[in-house]
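Reading the structure
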Amino acid sequence: MNKNFLIILLVILLPTWAGAQNFEDAYRYSSGKIEGSARSGAMGNAFGALGNDFTGVGINPAGLGIYRTSEFSLTPGFNMTEINSSYIGNTMQENNYKPGMGNLGYVAVLNSGKNNQSGLVSVNLGIGYNRLKDFNSYAITQAFDAKSSFLDHMAENANYGEWSEYYEDLAWETYLLDKTDEGYYFSDMETARGSSQYKGHYQRKSFDRAGTMDEYTLGVGFNFNHRFYLGASLGVVDLYYKEFTTLTEKDLDGTIPYLNDYEFNQSLRTYGTGYNFKIGAIFKPINSLRIGASLATPTVLGLNDKFETGINSSVTWDDNSTEKFKKESPFSDYDYELVTPFKATLSGALVVGKKGLVSADIEYVDHSVAKLRKGGDGYDFADQNQDINEIFKAVTNFRVGGEYRLTDAFSLRAGYELYPSAFNTSAFGKDQFNAKEDYQVCSVGFGYSTGSFFVDIAYRNSGYTQFNKLYPAPLTSDYPEPQFAQFDQNTHKVLFTLGFRF
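Rules and cut-offs
Residues numbered from 1 in each chain as written. Predicted model: local features only at pLDDT ≥ 70, side-chain atom pairs only at ≥ 80, totals over all residues. Heavy atoms only, no water. Helix = DSSP H or I, 4+ residues; strand = E, 2+ residues; numbered from the N terminus. Buried < 20%, exposed > 50% of the residue type's maximum accessible area, 1.4 Å probe, protein only. Contact = heavy atoms within 4.5 Å. Polar contact = N/O pair within 3.5 Å; in protein donor to acceptor, adjacent residues only side chain to side chain. Arc of directions from axis to C-beta. Phe/Tyr/Trp six-rings, centres within 6.5 Å; stacked < 30°, edge-to-face > 60°. 1 Å grid on protein atoms, 1.4 Å probe; cavity = no way out; pocket = protein on both sides within 12 Å on 5 of 7 lines; lining within 4 Å. Points joined across faces, edges and corners; volume = space filled by probe spheres on them. Pairing = 2+ DSSP bridges. Core = buried A, V, L, I, M, F, W, Y, C linked by side-chain atoms within 4.5 Å. pLDDT = per-residue confidence, 0-100.

Summing up its helical and strand segments, the protein has 8 helices and 23 strands in all. When each of the 502 residues of the protein is scored for burial, the buried share is 54%. In the protein, 73% of the contacts between residues at least 6 apart in sequence involve partners at least 24 apart.

What follows is the structure, given as structure tokens:
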């Protein structure tokens, strides 16, 4: 029990170090945060009660019913992601730049007329997509006097009889692991720590991530008396995620016997498509107040993982000859399903005459109920789903935004979003370092509208902190414990929406 649980706890603090499907996959693909039009993005995406914007359709499809005219809009954008890392007293900064398309939507207003202001006023149809998540980022962290090693983890696994062709076998074939006559596996790192000359070694890890998660929506909205609006939508989620990491360990001082350096490369690509259904309602008890509510079913994602690893090593023998080795793992291709949590959203908006408005959304998501299932080889993921339930918790996300009209044509906007950490304070009796690290977004923007044509621009700044170990820690005190690396991610996003009403 202790060995299995400790493995789980160590991976809790480590994003994607293994190819096996686990709670990290469940959280990564369940924690999407809608990013659509510039108007919605500038107002904190608090559009559950407002409607009349295609981003709002992804939150509450009843917003389709509020449209009075047909509309087409598209939203290109540009991201700059900055990641500052801190590891064993060393800091590094990396930037990643990426353009993208955050939103595309078309809404058709049907069966409406100037004389039809009671009963069913209009039936509106909408089709388009909203971006749910952008995975693109790049980070490097390094230290010059690391005492622990990834080889400690693999040596201990080998001694426990846990031998993987993606890890331990590669280390053995590239002479990073050795074995005594008694059958004890060890590495040159372990030997070096017994010398008084050893002060540590150089260590670096890079993370190169790419991909997006988008939701294509087909929805219908109904307008009753300009007071009550109902809506429903079918969502098709398209997902692509790529991660390539390189862990390097090097002997800069010549105090490690035989080993000069090695690189451990790991590649993961995930493709998938999923489906969900949303229903919602918006009610205007008075002209200045709107109240909204919506439910989104779990998204059932069919996923495919393509995974492989490789090691390059350099070793100097007793005769001072240097030899290089290279070994790659088999290629893993695995199908499975992920069922994300359902979402429930309550919304409210206050319209102040023709000058301004304030809106807010409260969104409930229980990340502990996400489920992995239907492995390609018949695996049922029972253990992994128990881990998900223990590690994660339900959260209440909060979005608020406002808009003020300077003139009939120009508007100023601002917003704020808070997504609390989905990690429980503790799991399996141990504290989780990332339990207090919330995700926050601040946004501003402005819009110009002539009635039949509009342009919106938004700037969004988001940030959060993660504490992670670069590789799993050994389970016994025979090896030094790896230290945590801190990653502070800050993303600057500019959105530009161009729209036409007709």
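With that settled, the discussion passes to the side chain of T465. Position of T465 among the secondary structure elements: in strand β22 (residues 453-468). Residue classification places T465 among the buried positions, given a relative accessible area of 17%. Side chain to side chain, T465 and D488 meet in a polar contact 2.7 Å long. Sequence-distant contacts of T465, defined by excluding residues within four places in its chain, comprise N434, E437, Q486, F487 and D488.

Every buried residue of helix α8 (residues 382-391) is listed here: Q384, N385, D387, I388 and I391. Taken end-on, α8 shows its buried residues confined to a sector of 155°, consistent with a single buried face.

In the structure shown here, the tally under the stated rule is 36 aromatic pairs. Ring geometry for Y29 versus F135: centroids 6.2 Å apart, planes at 90°, classification edge-to-face. Here Y29 is found in the loop between α2 (23-28) and α3 (38-42), whereas its partner F135 is found in the loop between β3 (120-134) and β4 (137-146), with 106 residues between them in sequence. Each member of the pair Y29 and F135 is classed as buried. Following the ring pairs from residue to residue traces out a cluster consisting of F23, Y27, F392 and F423.

Next up on the list: helix α5 (residues 150-159). In terms of burial, α5 is a largely internal element, 9 of the 10 residues being buried. Among all positions in α5, only F150, L151, D152, H153, M154, A155, E156, N157 and A158 are buried. The backbone nitrogen of L151 lies 3.0 Å from a side-chain oxygen of the residue at the head of α5, namely S149. Just beyond α5, the residue with positive phi is G161, at close to 85°.

Glancing now at unusual backbone geometry. The backbone phi angle of N52 is positive, close to 60°, even though this residue is not glycine. Here N52 lies in the loop between α3 and α4 (54-57). Given a relative accessible area of 28%, N52 falls into the partly exposed group. Of note, the phi angle at N320 is positive, near 70°, even though the residue is not glycine. Here N320 lies in the loop between β11 (300-316) and β12 (322-328).

The tally for this structure, following the rule as stated, stands at 5 cavities of 30 Å³ or more. Its boundaries defined by the atoms lining it, the second largest cavity holds a volume of some 390 Å³. Considering the residues around the second largest cavity, the lining is formed by 29 residues, among which G32, L132, E215, K278 and K343 are closest to the centre. Taken together, the elements giving at least two residues each to the lining of the second largest cavity come down to β7 (201-224), β9 (259-286), β10 (289-296) and β14 (343-352).

Moving on, we get to the pairing of β11. Two strands pair when backbone bridges link them, and β9 and β11 are joined in this way by 16 bridges, in the antiparallel orientation. Counterpart to Y271 in the pairing with β11 is N304. Sheet topology places β11 next to strand β13 (residues 332-339); 8 bridges connect them, and they run antiparallel. By the bridge assignment for β13, F307 is matched with S332. Pairing of β11 with β12 involves 7 bridges; the strand directions are antiparallel. Considered in β12, the bridge of T316 is made with T322. Here β11 folds back onto β12, and the loop between the two strands holds 5 residues, one of which, N320, carries a positive phi near 70°.

Core analysis: the biggest nonpolar cluster contains 68 residues, and Y29, F150, Y262 and F264 have the highest contact counts within it. Leave out the neighbours within four places in its chain, and Y29 touches F135, M213, L239, Y241, T270, L301, L303, Y336, L338 and T340. If you look at the next biggest cluster of nonpolar residues, it comprises 6 residues, including F54, L64, Y67 and V109.

This next bit is on the environment of G463. Relative to the helices and strands, G463 is located in strand β22. Remark: the alpha-carbon pair of G463 and V369, spanning 94 residues in sequence, is separated by 26 Å. Apart from residues no more than four positions distant in its own chain, G463 is found in contact with D438, Y439, Q440, Q489 and N490.

Positionally, T255 belongs in the loop between β8 (228-250) and β9. Sequence-wise, T255 and T191 are 64 residues apart; in three dimensions their C-alpha atoms are separated by 9.9 Å. With residues near it in sequence (within four places) discarded, T255 still touches A192, Q197 and Y198.

In this section: the confidence of the model for the protein. Scored by pLDDT, the protein has a mean of 92; 95% of the residues are at 70 or more. Across residues 1-18, confidence stays below pLDDT 50; counting only partners more than four residues off in sequence or on other chains, it has 55 contacts.

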